[in-house]
Amino acid sequence: MHMLFTLLVLAILANGLYFWLQKSQVLPSSTYQAYLQDVQQATENPALDHPKLELDGLYSVPGLWIATKLLKDIFIFAFAITSILLFRNSYVHFSAPALLIAFLLTSIAFAFFQSVYLYGLWVAVAGARPIAYLVAGLLGMWATRDGSFELLSRYLVAVLVIELILALYEYAFGIPLFYTARTGNRITGSFSFPTSLGVFAITACTLAFSFSNINKFLLLALATFFVYLTGSATALVLLAVAMAMWAVHSAPTSWKVPIRMGSYGMIALILLSLPKLVERYDVFEALWGRIEPAVDYIEHSPSY
């Protein structure tokens, strides 16, 4: 299990490593250099529009760096193989009915071969990546036994400590691709987007708070640090919800109801104050921007 979780740590750190190296200016970025040249030309010639930095060039991964992206797929494959071996050796048993497992796996296989027929092999393979996580979830119920969550939470906190080092360097020397007046350079770490890092930090700290004996105040400080430097509204709301749950869980029975009611009020106040708290007055538009594509897809998808 230690080897598997070590591979998970490597996969998390490697996934956005090339992006972080460019954003932190450890590796030169041709996209950013071209942008700076355009800025200089626009400064010298006011008639030109101010250029906009296109992030697509920063997110593209060339040549051998593709291997850093494949590590997460290798982890999922290793996790699935480990789960199958444990199941065959009767080390663990599925808690769900075997018929349900068979039905879900058959449905996944049908969807894959239908995609091959309609769109070709490579499109089907690309689409199978999220399905692989579902398969891993079905086969990996063994990971919830005994001290597995405690071990997992420790490894995830180790990731956060490494991300902390990356974040401090990135904050000091990195390109401010994501910026707010309050935070300044919003950090991304190896997650490519500030919100992704912020949500991961809250999830990891919540798991560690619940399943490990790591100092609670240290976890809270770590989570708060990432919420502030990522400038993520989503992470801020999740931190407030997590703190409310911790407070209710730890309170004496006679205090649970008042603390729960106070928590509801605190979360509502934070939601209403989000634009001011994160200094992003379009924060609700950004939230709708994540929901709108799904709504648009549902409204315009063909009926079968």
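What counts and what doesn't
- Residues numbered from 1 in each chain as written.
- Predicted model: local features only at pLDDT ≥ 70, side-chain atom pairs only at ≥ 80, totals over all residues.
- Heavy atoms only, no water.
- Helix = DSSP H or I, 4+ residues; strand = E, 2+ residues; numbered from the N terminus.
- Buried < 20%, exposed > 50% of the residue type's maximum accessible area, 1.4 Å probe, protein only.
- Contact = heavy atoms within 4.5 Å.
- Areas by Shrake-Rupley, 256 points an atom, 1.4 Å probe, with all protein chains shown as cover.
- Core = buried A, V, L, I, M, F, W, Y, C linked by side-chain atoms within 4.5 Å.
- 1 Å grid on protein atoms, 1.4 Å probe; cavity = no way out; pocket = protein on both sides within 12 Å on 5 of 7 lines; lining within 4 Å.
- Points joined across faces, edges and corners; volume = space filled by probe spheres on them.
- Phe/Tyr/Trp six-rings, centres within 6.5 Å; stacked < 30°, edge-to-face > 60°.
- Lys NZ or Arg CZ within 6 Å of the ring centre and 35° of its normal.
- Nonpolar A, V, L, I, M, F, W, Y, C, P; charged D, E, K, R; others polar.

### Quick look at the overall build of the protein chain
1) Next: Scanning the protein chain from N- to C-terminus turns up 13 helices and 2 strands.
2) Next: In the protein chain, which comprises 304 residues, the share counted as buried stands at 37%.
3) Next: A sequence separation of at least 24 residues applies to 69% of the contacts in the protein chain between residues at least 6 apart.
4) Next: As displayed, the protein chain offers around 18,400 Å² of accessible surface, 69% of which is attributable to carbon and sulfur atoms.

### Observations regarding the nonpolar core
1) Next: F75, L156, L160 and F200 are the most contacted members of the largest nonpolar core, which has 55 residues in total.
2) Next: Formed by 7 residues, the second largest nonpolar core is a distinct cluster that contains Y35, L58, I175 and F178.

### Overview of the layout of surface pockets
1) Next: Considered as a void within the structure, the largest pocket measures approximately 460 Å³ in volume.
2) Next: Taken together, 20 residues make up the lining of the largest pocket; nearest its centre are F5, L8, F75, L152 and L156.
3) Next: Listed by contribution, the elements that provide at least two residues to the lining of the largest pocket are helix 1 (2-15), helix 5 (66-88), helix 7 (121-139), helix 8 (148-173) and helix 9 (194-211).
4) Next: No other element matches helix 8, which puts 4 residues into the lining of the largest pocket.

### Observations regarding the packing of aromatic side chains
1) Next: All chains considered together, the criterion is met by 11 aromatic pairs.
2) Next: With centroids separated by 6.0 Å and ring planes inclined at 45°, the aromatic side chains of F75 and F79 adopt a geometry described as tilted. Taken together, the positions of F75 and F79, both in helix 5 and 4 residues apart, correspond to about one turn of that helix. Residue F75 shares its accessibility class with F79, and that shared class is buried.
3) Next: Centroid distance F209 to W246: 4.1 Å. Interplanar angle 10°. Geometry classified as stacked. Here F209, found in helix 9, pairs with W246, found in helix 11 (residues 233-250); they are 37 residues apart in sequence, far enough to count as distant.
4) Next: On the basis of relative accessibility, which here comes to 17%, the residue F209 falls in the buried class.
5) Next: By way of ring pairs, the aromatic residues W20, Y169 and F173 are connected into one cluster.
6) Next: Seen from the ring of F209, K216 lies directly overhead, with NZ or CZ sitting 5.2 Å from the centre.

### Some thoughts on unusual backbone geometry
1) Next: A positive phi is found at Q25, a non-glycine position, where the angle reads about 60°.
2) Next: One non-glycine residue, S192, lies in positive phi territory at about 75°.
3) Next: Within the secondary structure, S192 sits in the loop between strand 2 (184-185) and helix 9.
4) Next: The exposure class of S192 is buried, given its relative accessible area of 8%.

### Quick notes on empty space enclosed by the protein
1) Next: Under the criterion given, the structure shown has 1 cavity of 30 Å³ or more.
2) Next: Volume-wise, the largest cavity comes out at about 50 Å³.
3) Next: The wall of the largest cavity is formed by N15, G16, L17, Y18, F19, L58, Y59, S60, V61, T68 and K69.
4) Next: Contributions of two or more residues to the lining of the largest cavity are made by helix 2 (17-23), helix 4 (56-59) and helix 5.
5) Next: Broken down by element, the residue count for the lining of the largest cavity peaks at 3 residues, all from helix 2.
6) Next: By residue class, the composition of the lining of the largest cavity is 6 nonpolar, 4 polar and 1 charged.

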